[in-house]
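# Fold and contact review
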Amino acid sequence: SSSTAPPRVVMIGSPGAGHLIPVAELARRLATDHGFAVTIVTTTGLSDPATDAAVLSTLPPSVATASLPGAALANIPPDIGFGGTIFEFVRRSLPHLRSLLAGGGGDPAAALVCDFFGTSALPLAAELGVPGYVFLPTSFAMVSIMRRLAALHADAAPGEYRDLPDSLPFPGGPSLLLRHEDMPDGFRDWNDPNYAYVVEEARRYARADGFLVNSFEEMERAMAESFRHDAEDGAFPPVFPVGPFVRSSSDENSAEECLEWLNRQPARSVVYVSFGTGGALSVAQTAELAAGLEASGHRFLWVVRMPSQDGNAFAFGTVRGEDDDPLAWLPDGFLERTRGRGLAVAAWAPQVRVLNHPATAAFVSHCGWNSTLESVSASVPIVAWPLYAEQRMNAVTLAEVAGVALRPRDDGGFVTREEVAAVVREIMEGEKGSTVRGRARELQEAASRAWSPQGASRRALGEVAAKWKAAPVNDNGEGA
Ligand code: UDP
């Protein structure tokens, strides 16, 4: 075999910038710090080519990309949801993945790293003698709930599903519980079209050789410890916290209107408001949030997105008209009345630069995990306003485990203007606000230590890389 070629790692990258950005960052570190040749496999027809190109174009030459053929999308049942569609896509693409992993005459890959939706490839990796790892671009909490789901179905026949209980113990604090309503979408109800896929994914987790999570020790300390014990006891594969992977601000344009506006605001005075790339507020909630920001009396920078007309908080992939103007949905006179102390921008802001700007004081966030880590890395406390996917669980981690967020009360998902104003004032001026602001400073220091030369996340990835290099390669089936 060609022993001079660098060892190869094949990574599966699910669609969406929120998935692909941390996958790209992991690939970059494996290539530049550990000498691997990495192939990131994307999903043609499901991912947005412009997003893929933007994220993948900054990678070093030793990171290649490959794409699973879009033909695998044919006849996927329309009712299985976005997650189910990705699961199914990867499952149908196994023959293609097989040739990528086997290496066609050269050495087989040193490792497969699949993500949340790609674990149907784990048995294939095992068959080829390739270590199979799962990279979750989120938290330990996600691995934890997947384990619960698998345990609940340990003796269930395929297709026989049970609901998760009303609450789960959440390792991370004394008597901390994850309530049923805070569990991720797809996990709360066995009738959900995604539930079957999530259960089958979860059942495969015990057979992974290891997990990588985009988190760090101090973020979820008790979780990290409990997983370490379980790995030592052989009760569950090891989970390596290798984060936080966040984008660098140099990836963003610095000549934006909102940065110029921030330059004119006093230090630590502005509340940044954004709900990520896939979230949408209802029309009524958009108006209520506006009224609450106005009533708070504080300065704000709000990235306004098109409200959802049908009340669905998940708008990823929704087709937008060219003339859609989200600012047109703000209450009459709102922009005039708040001129000078508030700025509303349509659709997009250079978020990493905004969070690291000295004028930014707090972040009203949907708690997407990338936004969460970007805020933590910038020492900005959070008002947690989760919308969909696993964001409610992230909000619990932020508010109750990490202690860097306040959570507004909501009434059936609706947050009143009074509550918006109160929680904004609290995080800016209040006593509880002072506690989370202090915790945000501590956690920022811990986050920057994680990737310092002797940092825990850097060492964890080094440990994984060493395992992959040492693993006996099953050379063309002739044994190790
Ligand atoms: N983002 C941005 N500007 C915006 C909205 C989002 O730069 O106006 C970036 C943000 O910094 C983050 C990503 O898009 O890196 C969103 O990922 P996240 O996991 O927070 O949420 P998602 O959009 O996947 O729900």
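Below you will find a few notes about this structure. Given the structure is predicted, the values throughout are model-derived calculations rather than measurements. (Residues numbered from 1 in each chain as written. Predicted model: local features only at pLDDT ≥ 70, side-chain atom pairs only at ≥ 80, totals over all residues.)

### Some points on the site of the ligand
Neighbouring residues of the ligand: 21 residues in total, closest G18, G276, G368, N370 and S371. Taken together, the elements giving at least two residues each to the shell around the ligand come down to α1 (17-34), α12 (351-355) and α13 (369-377). A per-element tally of the shell around the ligand places α13 first, with 4 residues. When the residues that make up the shell around the ligand are grouped by side-chain class, the tally is 8 nonpolar, 11 polar and 2 charged. (Near = placed C-beta within 6 Å. Helix = DSSP H or I, 4+ residues; strand = E, 2+ residues; numbered from the N terminus. Nonpolar A, V, L, I, M, F, W, Y, C, P; charged D, E, K, R; others polar.)

### Observations concerning the packing of helix α6 (residues 140-152) against helix α8 (residues 221-232)
Helices that pack against each other are described as a pair by the angle of their axes relative to one another and the distance between those axes. Packing of α6 against α8 brings their axes to within 9 Å, and their N-to-C directions diverge by 50°. By the angle between their directions, the pair α6 and α8 is classed as oblique. Classified by chirality, the crossing of α8 by α6 is left-handed. Seen from α6, the contacting residues are F140, A141 and S144; seen from α8, they are M223, A224 and F227. (Axes fitted to C-alpha atoms, helices over the stretch in contact; angles between N-to-C directions. Parallel < 35°, antiparallel > 145°, perpendicular 65-115°, else oblique. Left-handed = near helix turned anticlockwise from the far one by under 90°. Contact = placed C-beta atoms within 7 Å.)

### Digging into helix α4 (residues 94-102)
Owing to its 3.6 residues per turn, the α-helix aligns residues three or four sequence positions apart on the same side. Listed in full, the buried residues belonging to α4 are L97, L100 and L101. For α4, the buried positions fall inside an angular range of 95° around the axis, keeping them on one side. Exposed positions of α4 whose direction lies more than 90 degrees from the buried face are P95 and S99. At its buried positions, α4 is contacted by β1 (8-12), β2 (37-43), β3 (63-68), β4 (111-114) and α5 (122-128). Downstream of α4 by a residue or two, G103 has a phi angle that is positive, lying close to 85°. (Buried ≥ 20, exposed ≤ 12 C-beta atoms within 10 Å, placed from the backbone. Arc of directions from axis to C-beta.)

### Topic: the pairing of strand β5 (residues 132-136)
A regular strand carries its side chains on alternate faces of the sheet. With 5 of its 5 residues buried, β5 lies for the most part within the structure. Handedness of the crossover joining β4 and β5 through α5: right-handed. In terms of strand pairing, β5 meets strand β8 (residues 210-213) through 4 bridges, oriented parallel. Note that in β8 the partner of V134 across the bridge is F211. (Right-handed = clockwise from strand over helix to strand, strands pointing away. Pairing = 2+ DSSP bridges.)

### So, the sheet that holds β2
Backbone-to-backbone hydrogen bonds pair the strands of a sheet. The strands run either parallel or antiparallel. Reading across the sheet, the 7 strands line up as β3-β2-β1-β4-β5-β8-β9 and stay open at both edges, with parallel pairing between neighbours. Taken across any chain shown, the strands that pair with only one partner, and hence form the sheet edges, are β3 and β9 (239-241). Across the sheet, the mean angle separating the axes of adjacent strands is 25° when strand polarity is ignored. In the packing of α6 onto the sheet, the strands contacted are β5, β8 and β9, and the crossing angle to β8 comes to about 140°. Sheet strands in contact with helix α17 (residues 456-470) are β4, β8 and β9, and its direction is about 135° off that of β9.

### Here's the deal with the pairing of β1
Burial runs high along β1: 5 of the 5 residues are buried. Side chains of β1 alternate between two faces, with R8, V10 and I12 and V9 and M11 buried alike. Bridge count between β1 and β2: 5 bridges; the pairing is parallel. Each residue of the ladder has a partner; that of V10, found in β2, is T39. Read from β1 through α1 to β2, the crossover connection turns out right-handed.

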